[in-house]
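Structural characterization, general
Residues per chain, in single letters:
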Amino acid sequence: MNRTSHDFATHSDNTLMTRTAIPALLGILLAVGPDPTWANDRERDHQPKKVVPFAQAQVRIEVNATDGDSGFHVLLDAQGWKFVKIFDPKWRLIFEVEGGGSVRKTGLTELSFESAEPGFDELPLDAFLNRFPAGEYRFYGKTLEGDILFSRAPLTHALPEGPVLVSPSEDSVQDPANTVVAWEPVADPPGSRIVRYEVIVTDESFVPKRVFSAVVPATVTSMTIPSAFLLPDSEYKYEVLAIEQSGNQTLSEAAFRTGP
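The model shown is predicted, which means the values in this text are computed figures rather than measured ones.

**Thoughts on the overall build of the protein chain**
- Counting its regular elements, the protein chain contains 3 helices and 16 strands.
- Considering only contacts within the protein chain whose residues lie at least 6 apart along the sequence, 68% involve residues at least 24 apart.
- Counting every atom, the protein chain has about 13100 Å² of accessible surface; 52% of that belongs to carbon and sulfur.

Here's what the structure looks like:
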């Protein structure tokens, strides 16, 4: 899975914003709510021109029903930004990232990350959900041109059950020309519905690893893996993810190998 790059520096300068920038931000702050961190913004080279939305701003929860763990996932995208901050529904700053040097001058675009995934014995699911409350998460940023980026993204606690895997069975030997991944339909979680499934097959013997991934409608519960992807006498891990309408997903996983 993707991880946040360590090549970004944390935004922590406490320089006060110039008096000329404060009036330009006043209307924005009244519209989007209290955000005291803007008062510590060191971006004094441009007065804000306008507020533009992120091209993508998504938050979701992923549960691994097989391993018994959960994680918080974020996907954001915007053209040419300098920094981004994310606040939870209680206006707590939970993430910030800023480019440095040549990256800062050129600008950043897409970014995806996920939290660590401690097991339920270490962090029970109820405690995890308390840590990441349901509600509206707010994304802030600033573009290279000085525009303010702002979007809201809802997070729900509607979590699907893990798919019951039908085939391949754990550690079974499969025909690489005819390997079918199948699972039982997953019931709609309370207050939501299953909208699609994703099938992921991974060959970790290669560097970087080879991955086959496909998304299918909620009416589909099986898929034949393309024979061009499967090699003879090789080991594979596969996952089936049940995805509900707000984006939360729960996966089940198993392993198989192919015959000669």
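**A short note on the pairing of strand 5 (residues 93-98)**
- Two elements, strand 4 (residues 81-87) and strand 5, share 5 bridges in a ladder whose sense is antiparallel. Bridge pairing in strand 5 places Ile86 opposite Phe95.
- Turn length for the strand 4-strand 5 hairpin, with the two strands adjacent in sequence and antiparallel, is 5 residues, and the turn residue Trp91 shows positive phi of about 65°.

**Thoughts on the confidence of the model for the protein chain**
- Across the protein chain, the average pLDDT comes to 86, with 82% of residues at 70 or higher.
- Here residues 1-46 scores under 50 on pLDDT; set against residues more than four positions off or in separate chains, the count is 87 contacts.

**Comments concerning the sheet that holds strand 9 (residues 165-167)**
- Read across the open sheet, the 3 strands follow the order 9-11-14; overall the sheet is antiparallel. Here the strands that pair on one side only, and so sit at the sheet edges, are strand 9 and strand 14 (222-225). Mean inter-strand twist for the sheet, computed between neighbouring axes without regard to direction, equals 20°.
- Across 2 bridges, the pairing between strand 9 and strand 11 (residues 179-183) is antiparallel. Bridged to Leu165 within strand 11 is Trp183.

**Concerning the nonpolar core**
- Core analysis: the biggest nonpolar cluster contains 27 residues, and Leu76, Trp81 and Phe139 have the highest contact counts within it.
- Ranked by residues supplied to this core, first place goes to strand 2 (residues 56-64) with 4 residues.
- When neighbours within four sequence positions are excluded, Phe139 is seen to be in contact with Phe54, Ala57, Gln58, Val59, Val74, Leu76, Lys85, Ile86, Leu149, Phe150, Ser151 and Ala153.
- Val186, Ile194, Tyr197 and Leu230 belong to the second largest nonpolar core, which has 20 residues in total.

**Some remarks on the sheet that holds strand 7 (residues 135-143)**
- Here 5 strands make up an open sheet; going across it, the order is 1-8-7-4-5 and the pairing mixed. The open sheet has two edge strands with one neighbour each: strand 1 (51-52) and strand 5.

**Considerations on the pattern of salt bridges**
- All told, the structure shown has 10 salt bridges when counted by the stated rule.
- The partner of Lys50 in a salt bridge is Asp147, with the nearest N and O atoms 3.0 Å apart. Linking Lys50 in the loop between helix 1 (21-32) and strand 1 with Asp147 in the loop between strand 7 and strand 8 (148-155), this pair joins segments that are 97 residues apart in sequence.
- Owing to a relative accessible area of 47%, Lys50 belongs among the partly exposed residues under this scheme.
- The exposure class of Asp147 is buried, given its relative accessible area of 7%.
- Notably, a salt bridge pairs Arg257 with Glu235, separated by 3.2 Å at the nearest N-O pair. A residue pair is termed long-range when its members are at least 10 positions apart, and Arg257 in strand 16 (residues 249-258) and Glu235 in strand 15 (residues 235-244) qualify at 22 residues.
- What makes Arg257 partly exposed here is its relative accessible area of 28%.

**Description of the packing of aromatic side chains**
- Taken as a whole and assessed by the stated rule, the structure comprises 14 aromatic pairs.
- Here Phe72 and Tyr137 contribute two aromatic rings whose centre-to-centre distance is 5.7 Å and whose plane-to-plane angle is 35°, an arrangement assigned as tilted. With Phe72 in strand 3 (residues 69-77) and Tyr137 in strand 7, the pair connects residues that are 65 residues apart, well separated along the chain. As far as the burial class goes, Phe72 and Tyr137 line up, both buried.
- Pairing Phe212 with Phe229 gives two aromatic rings, centres 6.0 Å apart and planes at 45°, and the pair type is tilted. With Phe212 in strand 13 (residues 210-217) and Phe229 in the loop between strand 14 and strand 15, the pair connects residues that are 17 residues apart, well separated along the chain. Per residue, the accessibility class of Phe212 equals that of Phe229, and both read buried.
- Pairwise contacts between aromatic rings join Phe212, Phe229, Tyr236, Tyr238 and Phe256 into one cluster.
- In this structure, Arg210 packs its charged tip against the face of Phe206, placed 5.2 Å from the ring centre.
- One residue, Arg210, lies across the ring of Phe229, its end atom 4.4 Å from the ring centre.

Calculation criteria
Residues numbered from 1 in each chain as written. Predicted model: local features only at pLDDT ≥ 70, side-chain atom pairs only at ≥ 80, totals over all residues. Heavy atoms only, no water. Helix = DSSP H or I, 4+ residues; strand = E, 2+ residues; numbered from the N terminus. Contact = heavy atoms within 4.5 Å. Areas by Shrake-Rupley, 256 points an atom, 1.4 Å probe, with all protein chains shown as cover. Pairing = 2+ DSSP bridges. pLDDT = per-residue confidence, 0-100. Axes fitted to C-alpha atoms, helices over the stretch in contact; angles between N-to-C directions. Core = buried A, V, L, I, M, F, W, Y, C linked by side-chain atoms within 4.5 Å. Buried < 20%, exposed > 50% of the residue type's maximum accessible area, 1.4 Å probe, protein only. Salt bridge = Lys/Arg side-chain N within 4 Å of Asp/Glu carboxyl O. Phe/Tyr/Trp six-rings, centres within 6.5 Å; stacked < 30°, edge-to-face > 60°. Lys NZ or Arg CZ within 6 Å of the ring centre and 35° of its normal.

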